[in-house]
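Here's the letter readout for the chains.
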Amino acid sequence: MKLHSTITYSFMVAGHSKFSPDRFFGLLKLKLRNSGVDNLEDLAQVVRNSTTNNYNIPQLVIENNQRKYYFYFSQDNIGHAIIKSSIDGAEQKINLIQYNQSLPTIDHSLY
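Owing to the predicted nature of the structure, the values given are computational and were not obtained by experimental measurement.

1. Observations regarding the overall build of the chain
- For the chain, the helix and strand inventory stands at 2 helices and 4 strands.
- In sequence order, the chain lays out its α and β elements as β-α-α-β-β-β.
- The burial tally for the chain puts 18% of its 111 residues in the buried class.
- Nonlocal contacts in the chain, meaning residues at least 24 apart in sequence, comprise 37% of its contacts between residues at least 6 apart.
- Carbon together with sulfur atoms contributes 51% to the accessible area of the chain, which is approximately 9,100 Å² in total.

Structure below.
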């Protein structure tokens, strides 16, 4: 419908989730809402700052640094995406169209 010319889609780091033993999770959630988090270290700093007596202590574990969490789509590159594992990381362009497939034609006169 041509409402957007670009889209950026970001995922939280794998394994970051809420679990019942964490009684200070609510404080972290409040702090996270008002914080800018662009990478794992930013998230760890928010965790450190979420309680006054160091109740929330981040444990950074990176199992696979090849995972991609940032996706950029543009109308100028239909059928492709730019992927990155961090907001300021190296960009990689990937093809989203399957082998021997083509994009469907769109009747732009409908918009």
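2. Comments concerning the pattern of salt bridges
- If you walk through the whole model with that rule in mind, you get 1 salt bridge.
- Here Glu41 ties to Arg48 by a salt bridge, and the two come within 3.2 Å at their closest N and O atoms.
- Residue Arg48 is classed as partly exposed on the basis of its relative accessible area, which comes to 32%.

3. Comments concerning unusual backbone geometry
- Phi at Asn54 takes a positive value of approximately 60 degrees, unusual for a residue other than glycine.
- By secondary structure assignment, the location of Asn54 is in the loop between helix H2 (40-49) and strand S2 (70-74).

4. Re a nonpolar patch on the surface
- A contiguous nonpolar surface patch, about 310 Å² in accessible area, is contributed by Ile7, Tyr9 and Phe11.
- Inspection of the secondary structure assignment puts Ile7 in strand S1 (residues 6-10).
- You can call Ile7 partly exposed: its relative accessible area is 44%.

5. Remarks on the environment of Gln98
- Assignment of secondary structure puts Gln98 in the segment after strand S4 (92-95).
- Along the primary structure Gln98 and Gly79 are separated by 19 residues, whereas in three dimensions their C-alpha atoms are 9.5 Å apart.

6. Brief notes about the side chain of Asn56
- Tracing the backbone through its elements, the reader meets Asn56 in the loop between H2 and S2.
- A polar atom in the side chain of Asn56 sits 2.8 Å from the side chain of Ser50.

7. Some points on the packing of helix H1 (residues 25-33) against H2
- Packing of H1 against H2 brings their axes to within 9 Å, and their N-to-C directions diverge by 125 degrees. As far as their axial angle goes, H2 and H1 are oblique. Like other packed secondary-structure pairs, H1 and H2 cross with a definite hand, here right-handed. Across the interface between the two elements, Leu28, Lys31 and Leu32 from H1 touch Leu43, Val46, Val47 and Asn49 from H2.
- Its residues assigned to classes, the contact of H1 with H2 shows 5 nonpolar, 1 polar and 1 charged.

Each value, and the rule that gives it
- Residues numbered from 1 in each chain as written.
- Predicted model: local features only at pLDDT ≥ 70, side-chain atom pairs only at ≥ 80, totals over all residues.
- Heavy atoms only, no water.
- Helix = DSSP H or I, 4+ residues; strand = E, 2+ residues; numbered from the N terminus.
- Buried < 20%, exposed > 50% of the residue type's maximum accessible area, 1.4 Å probe, protein only.
- Contact = heavy atoms within 4.5 Å.
- Areas by Shrake-Rupley, 256 points an atom, 1.4 Å probe, with all protein chains shown as cover.
- Salt bridge = Lys/Arg side-chain N within 4 Å of Asp/Glu carboxyl O.
- Patch = residues over 30% accessible without salt bridge, like charges linked within 9 Å, V, L, I, M, F, W, Y side chains within 5 Å.
- Polar contact = N/O pair within 3.5 Å; in protein donor to acceptor, adjacent residues only side chain to side chain.
- Axes fitted to C-alpha atoms, helices over the stretch in contact; angles between N-to-C directions.
- Parallel < 35°, antiparallel > 145°, perpendicular 65-115°, else oblique.
- Left-handed = near helix turned anticlockwise from the far one by under 90°.
- Nonpolar A, V, L, I, M, F, W, Y, C, P; charged D, E, K, R; others polar.

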